[in-house]
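Topology and contacts: notes
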Amino acid sequence: MALIGWDSAAYKCRSRDNWLGWTEEQKQQHLKYIAKNQRFLILPGVHIPNLASKVLALNLMHLPADWQAVHGHPVLLAETFVDHHRFRGTCYRAGGW
């Protein structure tokens, strides 16, 4: 029905780094604590009301424990990028982002 994948944070993201107030040194030390939503896809033909926001919300709840188990350290922040020319990001907002 849906696919979701997580990856290491984007190395360069000026808006994130400015929002966090990070110096270059702080970014080097803390970037590993950010996970990037690399892929999110609802398969074609699947039409279930609220599926996207539910998948995002549930996945975000499990992300810290899963990240800790795989990488040996916590994830403290999740980031994603939405192409505003193609999408509004509604499911992310509804999923608690």
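Report follows, based on the coordinates. Position numbers for residues count from 1 along each chain, tracking the sequence in the order it is written. For a predicted model such as this one, the threshold for reporting local features is a pLDDT of at least 70, and the threshold for listing and counting side-chain atom pairs is 80 or more; totals across whole chains, interfaces and linings nevertheless cover every residue. Side-chain measures here rest on the full set of heavy atoms in the structure, leaving out hydrogens and waters.

A word on the layout of surface pockets
- The volume enclosed by the largest pocket comes to roughly 530 Å³.
- Put simply, the grid is 1 Å and covers the protein atoms alone, a cavity is a trapped set of points that fit a 1.4 Å probe, a pocket is an open set with protein on both sides within 12 Å along at least five of seven lines, and lining residues have an atom within 4 Å of a point. Along its surface, the largest pocket is lined by 17 residues, and F40, V82, F87, C91 and Y92 are the ones closest to its centre.
- Going through the elements one at a time, strand 2 (34-42) and helix 4 (90-94) are the ones with two or more residues in the lining of the largest pocket.
- With seven residues, strand 2 is the largest single contributor of residues to the lining of the largest pocket.
- Ten residues, namely Ala, Val, Leu, Ile, Met, Phe, Trp, Tyr, Cys and Pro, are considered nonpolar, four, namely Asp, Glu, Lys and Arg, are considered charged, and the remaining ones, Gly among them, are considered polar. Of the residues that constitute the lining of the largest pocket, the class distribution is eight nonpolar, five polar and four charged.
- Grid points are joined across faces, edges and corners, and a volume is the space filled by probe spheres set on the points. Roughly 200 Å³ of internal volume is contained in the second largest pocket.
- Around the second largest pocket sit C13, S15, R16, W19, L77, A78, E79, T80 and F81, which together line it.
- Each helix is a run of H or I in the DSSP string that is no shorter than four residues. Each strand is a run of E no shorter than two, and both are numbered from the N terminus. When contributions to the lining of the second largest pocket are tallied by element, the ones reaching two or more residues are helix 1 (14-20) and strand 3 (77-79).
- For the lining of the second largest pocket, the per-class residue count stands at five nonpolar, two polar and two charged.

Describing the environment of H71
- Here H71 is to be found in helix 3 (residues 51-71).
- For the pair H71 and K32, spaced 39 residues apart in the sequence, the C-alpha separation amounts to 9.4 Å.

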